[in-house]
Amino acid sequence: MAISTGHLPAFVTTDISSISLALLVLGAYVCLVGQVSYFLKERLFMSSALISICLGIAVGPIGLNWISPWIWTGYDDQLRNEITFQFCRLVIGVQVMFAGISLPAAYLRREWRSIMILLLPIMTIAWFVSAGLILALVPGLTFVEALCISACVTPTDPILANAIVKGRYAEKHVPSNVRDIISAESGANDGLGYPFIFLPIFLMKRGEDSIAAVMREWVVTTWLYQIGLACAMGALIGFVARKSLKIAHKRKLIDHESFLAYGIGLAFFTLGVVGVIGSDDVLAAFVAGNSLTWKDFYRIESEDDTFQDVIDSLLNASIFIYLGSLLPWSEFGADPLTAWRLVVLALCILAVRRLPWIMLLYPVTPALHSPSEALFAGWFGPIGVSAVYYALLAERELPVERELLRKVIVPVVLFIALSSTVAHGVTIPLTKFAPHALTHTRSFGTFASNNAGNLVQRLRATALILLFGLVSLAVGLPTASKRLCVVPHGGGADDTPGFVAAMANCSSNSTILFEKGKTYNILTPVVAPALQSVVISIQGNLDLEKNISKVQAIVNSSTFPGYWFSFAKGSDITIEGASNPHRGWIDAFGQQWWDAGNQISRPHGWKFSASNVEINKVKLRNPIAWSFALQGTNISVRDVVIQAKSNSSSFPFNTDGESLASPLRLTV
């Protein structure tokens, strides 16, 4: 929305909207970070995902608050989760399509044995091991519930895996067979996460059904309809696409730009078609990509162009900036979760979920030729966007009565994904530079030398530094967290005491929320304590006292502060209304005062003597007297609606919008 400011000429407007800030952040990342991208990626070996998620944290709710999925969705949890789920689905679908395209000709047929070992025994062991760790460190869960969470973190993330197998370091130090098997596994096991997710969900929903009946439903629903049908449709779509594209290319019917965009178009088409019938669209996209390049035609023709890399880079930056802003810091320390439990859980899962079992089974894995290759493939099985995707998918399907699981599944998975992004993002830089810092010696050689002892020593140094970093994160989480405090709803009683108590308990670095769908009764004046960095989000409606005699008695009492809402102390306070025009109204019922012609002992609305105050999207209906007394410094008023329209012949007297004090710095 365009806003004229008091410091600029009338024809100068600003547009401080969520979409403008999001474009600003993404554009700044592409332009500014892009200017030093070669140095960051090819000299320092920094992961672009790590840089993006750190930027997301910095511009998210605990930082600059420029990108806030909560504000975007009006604190609607269901809408926020749906947007996140679909965003993750889109990015993963495109990534697994690219992973399938990047594999050599007929790769899945040639390396089926290695892929099966990674997808079946390795994934199953990782599933159970992770569930045991979750059961031990998250109090109150059952083993079946722990299996549901562990299923989310079992698959390898194709986005982070793609960052590992590309770039100068990978091309120089990582053999092509290792890069290919990591790409193939990350693409395939993302789709194969469905059976692991739905088995515990079916068990939780079984009611009076027998275990045998549940297993039959699981086999038919997941293995046949989700996995089998997705593979068949993906292979068919890829086959038809390969044949038709080759004919169009041979007869010069397709231009160069459309040829390069064919892969991403096929990803969208596959996600749409398979998604419509309710099958596993992510797995279908991977199979379709590999089927498209089964004869190596499309891969070879497009490998010298960078179009897919550009799309890949933009999508990866966008999703990790978004996930950085989405991290629910307050929930990381909310009962039954604690920071130390999450840190220990993340460390244990990263250490034992995958690495020991690949080291154990690599002799029967043809794609891995040495212990050092197994060590690399075992460690680099990152957890990221796909884990968030599966957590949101599981939350959709969970029974309502599983309250604890519904509460913890997304925070636990997000924290593990954050830990994996950090750990795997700094592993290569640390293995390159940590040995110098810790031993003052030269590098121990390259990965291609197959010297497993040197790599183990490097990873040991890396692990020590990662451990120190995660422990520091555990110590800092409580102070970094922005708490969410919900104002209790009294169901007809005066909600002022609950509101005041919420402000007292959450007086700093917090969001105080009036929930949508509820009408709160603020029947007595509110005197706020000294607040520091607090957002008061009015997503529900607020009704003030209707009875004229009661209001006059309050105004005439010696304890009346002069205003119904008084914020006399504090700084960095935001009063934020709902974006939805039908929610977040504050009704003072002035019509009855106007009809009575009563101007005696009327209360004024809001007083702000605090500093650095933002009043955004607040909606007032039928105020009794003037609405805002702005007496502090650095006060910003944006998109405020004051509806003082009489529905009779009575005049709405003295319903002024703002009363200003001097000196004052005010933006309207």
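Scoring rules and cut-offs
- Residues numbered from 1 in each chain as written.
- Predicted model: local features only at pLDDT ≥ 70, side-chain atom pairs only at ≥ 80, totals over all residues.
- Heavy atoms only, no water.
- Core = buried A, V, L, I, M, F, W, Y, C linked by side-chain atoms within 4.5 Å.
- Buried < 20%, exposed > 50% of the residue type's maximum accessible area, 1.4 Å probe, protein only.
- Contact = heavy atoms within 4.5 Å.
- Axes fitted to C-alpha atoms, helices over the stretch in contact; angles between N-to-C directions.
- Helix = DSSP H or I, 4+ residues; strand = E, 2+ residues; numbered from the N terminus.
- Parallel < 35°, antiparallel > 145°, perpendicular 65-115°, else oblique.
- Left-handed = near helix turned anticlockwise from the far one by under 90°.
- Nonpolar A, V, L, I, M, F, W, Y, C, P; charged D, E, K, R; others polar.
- Pairing = 2+ DSSP bridges.

(A) Up close: the nonpolar core. I149, L345, I409 and V412 are the most contacted members of the largest nonpolar core, which totals 132 residues. In this view, V412 contacts V138, I149, L337, L342 and L345; residues no more than four positions away in its chain are not counted. Membership of the second largest hydrophobic core comes to 44 residues, among which are V534, F560, V613 and I635.

(B) Geometry of the packing of helix 5 (residues 77-102) against helix 17 (residues 307-326). Relative to each other, helix 5 and helix 17 sit at 150°, their axes nearing to 11 Å. Regarding the angle of helix 5 to helix 17, the classification is roughly antiparallel. Classified by chirality, the crossing of helix 17 by helix 5 is left-handed. Here R80, I83, T84, F87, C88, V91, V94, Q95, F98 and I101 of helix 5 lie close against helix 17, whose contacting residues are Q308, I311, D312, L315, N316, S318, I319, Y322 and L326. Here the residues of the contact of helix 5 with helix 17 sort into 12 nonpolar, 5 polar and 2 charged.

(C) Expanded view of the sheet that holds strand 11 (residues 585-587). The strand order across the open sheet formed by 5 strands is 5-8-11-14-17, and the pairing between neighbours is parallel. Both outer strands of the open sheet, strand 5 (519-522) and strand 17 (641-643), are each paired with one neighbouring strand and no more. Across the sheet, the axes of successive neighbouring strands diverge by a mean angle of 20°, strand direction being ignored. Where strand 5 lies against strand 8 (residues 541-544), 4 bridges are found, and the strand directions are parallel. Of the residues in strand 8, the one forming a bridge with I522 is L544.

(D) Expanded view of the packing of helix 7 (residues 112-137) against helix 19 (residues 339-352). Running from amino to carboxyl end, helix 7 crosses helix 19 at an angle of 165°, the nearest separation of the two axes being 10 Å. The orientation of helix 7 with respect to helix 19, classified from their angle, is roughly antiparallel. Along this stretch, helix 7 crosses helix 19, giving a crossing that reads as right-handed. Of the residues in helix 19, those touching helix 7 at V129, S130, L133, I134, A136 and L137 are W340, R341, V344, L345, C348, I349 and V352. Class assignment for the residues of the contact of helix 7 with helix 19 results in 11 nonpolar, 1 polar and 1 charged.

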